[in-house]
Amino acid sequence: MAITIKAKFKCSSEKISQVPKDDLKDIAFIGRSNVGKSSLVNMLTGVNGLAKVSGTPGKTRLINHFLINDSWYLVDLPGYGYARVSKSTRGEFSKLITDYVLKCEKMHFLFVLVDSRLEPQKIDCNFIELLGQNGIPFGIIFTKADKLSQAQLNRSVKCWKQRLEEQWEELPPMFVSSSEKRTGREEILAFIDEALQK
């Protein structure tokens, strides 16, 4: 059964003082530039073009809030680790990201997106370590799963698990997604639904 969602753009923020001041919880999405975040947001909401999809990495430079079913916010965060923006701009990205992730009280849960075709990248591992050190609740979504065979995908997920087990006693929730094939949509939305009750 397809889950129907009512989604509308609420606001873009350059700093966390500008995020909505209501009691609704934020479920945020983050990942390296070009990991497929906007495509995933559009796939989850079922609204094509809700988040701008771009072939150019680093397009999302603001915190974008989308109101879902008038009851929670889906938050599209800027990508991290894109090399073609200047060092100072990259610093701003990371300040915006770290301010939101570590200080925004609305943020209820964070999904870290990783490209299932790549082995664990240092920047992703560093970011995940930062979340662990600060006790931030998060899960991992493997994107672009349609680009791999099932065996390759299983290997990729296993490789990530082994990498995380070096530092984590308990692994975060993990999901496999493909925006092309709408894989993982029901599982991710069901998990969000559950997380919002907590």
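Read on for a plain summary of the structure. (Residues numbered from 1 in each chain as written. Predicted model: local features only at pLDDT ≥ 70, side-chain atom pairs only at ≥ 80, totals over all residues. Heavy atoms only, no water.)

Thoughts on the sheet that holds strand β3 (residues 63-68)
Worth spelling out the cut-off: Only strands that DSSP links by at least two bridges are regarded as paired with each other. Each helix corresponds to a stretch of at least 4 residues labelled H or I by DSSP, and each strand to a stretch of at least 2 residues labelled E; elements are numbered beginning at the N terminus. Interaxial angle, 0 to 180 degrees, is taken between N-to-C directions of lines fitted to C-alpha atoms, where a helix line uses only the stretch in contact. Pairs of residues are marked as contacts when any of their non-hydrogen atoms sit within 4.5 Å.
Pairing is mixed in the open sheet, where seven strands are placed in the order β1-β3-β4-β2-β5-β6-β7. Each end of this open sheet is capped by a strand with a single partner; those strands are β1 (7-13) and β7 (174-176). Pairwise comparison of adjacent strand axes, ignoring direction, gives a mean angle of 25° for this sheet. Strands in contact with helix α5 (residues 185-197) are β2 (25-31), β4 (72-76), β5 (107-115), β6 (138-143) and β7; relative to β5, the strand with the most contacts, it is inclined by about 155°.

Observations concerning the pattern of salt bridges
Cut-off, in case you're wondering: The term salt bridge refers to a pairing of a side-chain nitrogen on Lys or Arg with a carboxyl oxygen on Asp or Glu at a separation within 4 Å. Each residue's exposure class comes from its accessible area (1.4 Å probe, protein chains only) as a fraction of the maximum for that residue type: buried when under 20%, exposed when over 50%, partly exposed otherwise.
Tallied over the full model, the rule gives seven salt bridges. A salt bridge links K37 to D76, with the nearest nitrogen and oxygen atoms 2.8 Å apart. Of this pair, K37 sits in helix α1 (residues 37-45) while D76 is found in strand β4, placing the two residues 39 residues apart along the sequence. The class for K37 is buried, based on a relative accessible area of 7%. Ionic pairing is found between K95 and D99, a salt bridge with its closest N-O pair at 2.7 Å. You can see K95 and its partner D99 sitting in helix α2 (residues 87-103), four residues apart, about one turn around the helix. Counted as one network, the salt bridges with shared partners bring together K95, D99 and K103.

Observations concerning the packing of helix α3 (residues 122-133) against helix α4 (residues 150-165)
Quick reminder of the rule: These descriptions rest on fixed angle ranges, namely under 35 degrees for roughly parallel, over 145 for roughly antiparallel, 65 to 115 for roughly perpendicular, and the rest for oblique. The handedness criterion is simple: a crossing whose near helix is rotated anticlockwise from the far helix by less than a right angle is left-handed, and one whose near helix is rotated clockwise is right-handed. Note on residue classes: Ala, Val, Leu, Ile, Met, Phe, Trp, Tyr, Cys and Pro are nonpolar, Asp, Glu, Lys and Arg are charged, and everything else, Gly too, is polar.
Relative orientation of the contacting elements α3 and α4 amounts to 50°, with a least axis distance of 12 Å. Judged by the inter-axis angle, α3 sits oblique to α4. Crossing of α3 over α4 shows right-handed handedness. The residues of α4 that touch α3, namely those facing D124, C125 and I128, are W160, R163 and L164. Considered class by class, the residues forming the contact of α3 with α4 number four nonpolar, no polar and two charged.

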